[in-house]
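Letter by letter, the chains look like this.
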Amino acid sequence: MKAETTIGGKSKHIQWGLDIVLFLFAFIFLGGYNYEYLYKVQNCSLFIGNSIFFNETLEHSSGPLLFASRYLTQFLIYPWLGAFLLALGLVGIKQLLYLLNDKDNNWVGVYYLPSLLILLAQTIIGYTIYANFENAFVVELELGILLSCGLALGMKTIYNRFNLIGIGISAVISIFLFFAVGIFANLALLLLGTAIVRNDKKAGAVTIVTSIVLQLLLAHIGSTYCQNEEYVRALFSPLPDSVYTNVFTCSIIAILSCAVVLLFNTIKLNHGKFQLHINIGIATLGLLAVCLFSNHDTNFRTELKLQHLTEEHKWNEVIEEANKLENPTNITAAYRFLALNQTGRLWNEVFAFPC
């Protein structure tokens, strides 16, 4: 049997291999390298399982999605479990995007980019986590896009059965879901449009325009008559406030990339014999970009680890980790002083520290 050299719908085992790489990378990157960060995220996120908290959450735009995300954020108290669930969701997003395109997918490698952009958005927060940041966002962005992709796949089934009437039904679904999941409701309609534009350019264009118009209109209705909040906030809800520039920008790019990859796959790849190498190269560059642009601040990571160790009263380990830093922050010094005091070593070692 002749060996298969492409991954555009002919070599499924290559796709499975790339899916496994994505899962393992996300799992290790989150649960290993960002272990203390995930623990800090759940530590800063508030969830109370009662009706008062639920009703207060519903007062905000995308309240139901926010409530669900805050609930799921609790699982990050076990960072490896949280990393497993988040990695599984990222692979699910890639697979749903792939299923949305029912033609030959020449550019399979690009389907991994939205998941990697989500992973990047989740891990570039850094010190912003202390700045009144909605920490459930780490789960919320991924959950919202996952819902959008699944909803778009369901809308496509409706479209295939009812054609233009199916687009109308999908638009009504987006309208009803907007106040529950915000921008992700119309993202589903946008994904539907980009998925069908290859087969029916007119229907696809109408769907894309409808999704944009509905987003602008519903945000106005929500900000004016429902949540009584700023229009820009309602327009991009539940994404973080735009003052968190890096996180907000990366989130927008991740959302739009879901539609872009579907449009990109309408382009034919003429160099068939290089198809395998091109797609693997795209996925590999995406992995390297996440490694390069995610947060690498050693002091920040050490502070998170020291806080965790302090909660567990592991004083000697606190001192050992703090002593590794050449340029410690004041917070690091404070944890070290506390640990020295708890171990009775304060006056002997307090000044043997570059602070």
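Just so it is clear, the structure is predicted and the values come from calculations on it, not from any experiment.

What counts, and where the lines are drawn
- Residues numbered from 1 in each chain as written.
- Predicted model: local features only at pLDDT ≥ 70, side-chain atom pairs only at ≥ 80, totals over all residues.
- Heavy atoms only, no water.
- 1 Å grid on protein atoms, 1.4 Å probe; cavity = no way out; pocket = protein on both sides within 12 Å on 5 of 7 lines; lining within 4 Å.
- Points joined across faces, edges and corners; volume = space filled by probe spheres on them.
- Nonpolar A, V, L, I, M, F, W, Y, C, P; charged D, E, K, R; others polar.
- Helix = DSSP H or I, 4+ residues; strand = E, 2+ residues; numbered from the N terminus.
- Salt bridge = Lys/Arg side-chain N within 4 Å of Asp/Glu carboxyl O.
- Buried < 20%, exposed > 50% of the residue type's maximum accessible area, 1.4 Å probe, protein only.
- Polar contact = N/O pair within 3.5 Å; in protein donor to acceptor, adjacent residues only side chain to side chain.

A. Structural view of empty space enclosed by the protein. For the coordinates displayed, the defined rule picks out three cavities of 30 Å³ or more. Considered as a void within the structure, the largest cavity measures approximately 60 Å³ in volume. Together, Ser61, Ser62, Phe178, Phe179, Gly182, Gly222, Gln227, Ala234 and Ser237 line the largest cavity. Its residues assigned to classes, the lining of the largest cavity comprises three nonpolar, six polar and no charged.

B. Quick look at the layout of surface pockets. In this model, the largest pocket occupies a volume close to 400 Å³. Considering the residues around the largest pocket, the lining is formed by 17 residues, among which Arg70, Asn132, Phe133, Glu134 and Arg233 are closest to the centre. Volume-wise, the second largest pocket comes out at about 280 Å³. Those elements giving two or more residues to the lining of the second largest pocket turn out to be helix 9 (183-196), helix 10 (201-226), helix 11 (231-236) and helix 12 (245-264). Looking at the lining of the second largest pocket, its residues break down into 10 nonpolar, three polar and no charged.

C. Expanded view of the pattern of salt bridges. Counting across every chain of the model gives five salt bridges. The partner of Lys314 in a salt bridge is Glu312, with the nearest N and O atoms 3.1 Å apart. Overall, Lys314 belongs to the partly exposed group, its relative accessible area being 35%. A salt bridge links Glu321 to Lys324, with the shortest nitrogen-to-oxygen separation between them at 3.2 Å. On the accessibility criterion, Glu321 (15% relative accessible area) is buried. Owing to a relative accessible area of 53%, Lys324 belongs among the exposed residues under this scheme. Each member of the salt-bridge network shares a partner with another, and the members are Lys305, Glu321 and Lys324.

D. Representation of the side chain of Thr128 in the model. Within the element layout of this structure, Thr128 appears in the loop between helix 6 (113-123) and helix 7 (137-162). Accessibility expressed as a relative area gives 18% for Thr128, which makes it buried. Here Ile125 takes part through its backbone oxygen, which lies 3.1 Å from a polar atom of the side chain of Thr128.

Nothing here speaks to function; it is all geometry.
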